[in-house]
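A closer look at the structure
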Amino acid sequence: MPLFFTPGQFARHSEFFRQLGQLLGAGVPAIKALRQIERHPPSASYRKPLGLTIEGIEQAGTLSQSARSAGNWLPPIDLALLEAGEASGRLEQTLESLADYYEDRARIARDLAIALLYPVFLLHAAVFILPFARFFQTGNLAEYLWSAGRILLPLYVLAGLVIFLGQSRHGKGWRAFVERILGVVPVLGAARREMALARLSMTLEALLAAGVTVVEAWQLAGAASGSPALGKIVDSWIPRLRERSTPAELVQETRWFPEVFSSQYATGEVSGRLDDSLKRLQKYYQQAGSTKLHLLAQVVPWIIYGAVAGYIVYKIFQFYTGYFQQIGNLL
């Protein structure tokens, strides 16, 4: 499977979950639904893992178990949500939520790609045009290409490295490290935390409504949140939850949770309307996180544009400084 970072890849992932959810919602059995998608998949790379998933279900496995054993084709977050959806009896709603999530990611990636076109073009133009005067004087093509390559190649390598290392398919330890690094990035860190809280709220509401025990529901929701830090916190609660401590008490003791979440959860727990509170929290944090990601997609191109413009100004200043220094030496 390709790494998910282009708008088309996000869109195809969304399409897969949308099709599967619609087919299951229409009463089509899971194996038949997967076979139908396998015949007309969003991408040819889906055929092999879909075939392995079908084989796993035929051997009395669940959808999430079979998808996990089919290889590294779905991120761990998706698999955790699928497992929670099956446990709660709300698999169709979970698939629809995943489809909406990746559709939104595709929209953000598309907006970012379009917005980056001009600053990226400007960067390449500056890198190739500014040293052209010297190339015109010397005719040294190797020197000219090297002057551009020594700037662009590190940027290409850095961009590729960031994309690869940021994938959710890496181990939990690495994902925890990436989470700590990105957590201090303005806007992005807050957006990631809000999206994790939205997934946690959605999973908790579905599991508790289906009668899953509080301990199991929180364990599954912590894994489904996609945040290694949050999952670790929830795992540390398990002994106290089994000793009859309430989740509301533990949430209020933990700084990771914002005041809005802890107060809403406590109110829902005391009033007996926890399902309504979790639905509101899921909607609130989903919208807040998505808004921040869209804002980031608009701001990042301007930051890059400013850096490129600064580089051009610096090179022009450097050129004229050297030019006037040569004139001064001649005089």
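Residues numbered from 1 in each chain as written. Predicted model: local features only at pLDDT ≥ 70, side-chain atom pairs only at ≥ 80, totals over all residues. Heavy atoms only, no water.

1. Brief notes about the overall build of the protein
Applicable threshold: Note on conventions: DSSP H or I runs of at least 4 residues are helices, E runs of at least 2 residues are strands, and numbering of each starts at the N terminus. The globule rule is 2.2 Å times the number of residues to the power 0.38, and the radius of gyration it is compared with is taken over C-alpha atoms. Burial classes follow relative accessibility: with a 1.4 Å probe on protein chains only, a residue under 20% of its type's maximum area counts as buried, one over 50% as exposed, and anything between as partly exposed. Throughout, a contact is declared for two residues whenever any of their heavy atoms are within 4.5 Å. Throughout, the Shrake-Rupley method with a 1.4 Å probe supplies accessible areas, and for residues the shown protein chains are the sole cover considered. His is not counted, nor are the chain ends; Lys and Arg add positive charge and Asp and Glu add negative charge. All charge positions are set by atom: Lys at NZ, Arg at CZ, Asp at CG, Glu at CD.
Tallying secondary structure elements over the protein gives 15 helices and 0 strands in all. Scaling as 2.2 N^0.38, a compact globule of 331 residues should have a C-alpha radius of gyration of about 20 Å, whereas the protein reaches 25 Å, well beyond that. Taken along its principal axes, the extent of the C-alpha atoms in the protein is 90 × 50 × 30 Å. Residues counted as buried form 41% of the 331 residues belonging to the protein. A separation threshold of at least 6 residues defines the contact pool for the protein, and within that pool the share at least 24 residues apart is 61%. Looking at the protein as shown, the accessible area adds up to about 18,200 Å², and 61% of this sits on carbon and sulfur atoms. When the 32 basic and 26 acidic side-chain charges of the protein are each reduced to a single mean position, those positions are 7 Å apart.

2. Examining empty space enclosed by the protein
Picture a little ball the size of a water molecule; that probe, rolled over the atoms, points out where space is still empty. Worth spelling out the cut-off: The method works on a 1 Å grid over the protein atoms by themselves. A cavity is a set of points holding a 1.4 Å probe that cannot get out, a pocket is an open set with protein on both sides within 12 Å along at least five of seven lines, and residues with an atom within 4 Å of a point line them. Grid points are joined across faces, edges and corners, and a volume is the space filled by probe spheres set on the points. Residues are grouped as follows: nonpolar covers Ala, Val, Leu, Ile, Met, Phe, Trp, Tyr, Cys and Pro; charged covers Asp, Glu, Lys and Arg; every other residue, Gly included, is treated as polar.
Across all of its chains, the model carries 3 cavities of 30 Å³ or more by this definition. Along its surface, the second largest cavity is lined by Phe16, Phe17, Leu20, Leu34, Thr53, Leu63, Ala67, Trp73, Leu74 and Leu82. For the lining of the second largest cavity, the elements supplying multiple residues, two or more each, are helix H1 (7-25) and helix H4 (63-69). Here the lining of the second largest cavity takes 3 residues from H1, the largest share from any one element. Taken together, the residues that form the lining of the second largest cavity break down as 9 nonpolar, 1 polar and no charged.

Remember that the coordinates give geometry; whether it matters functionally is a separate question.
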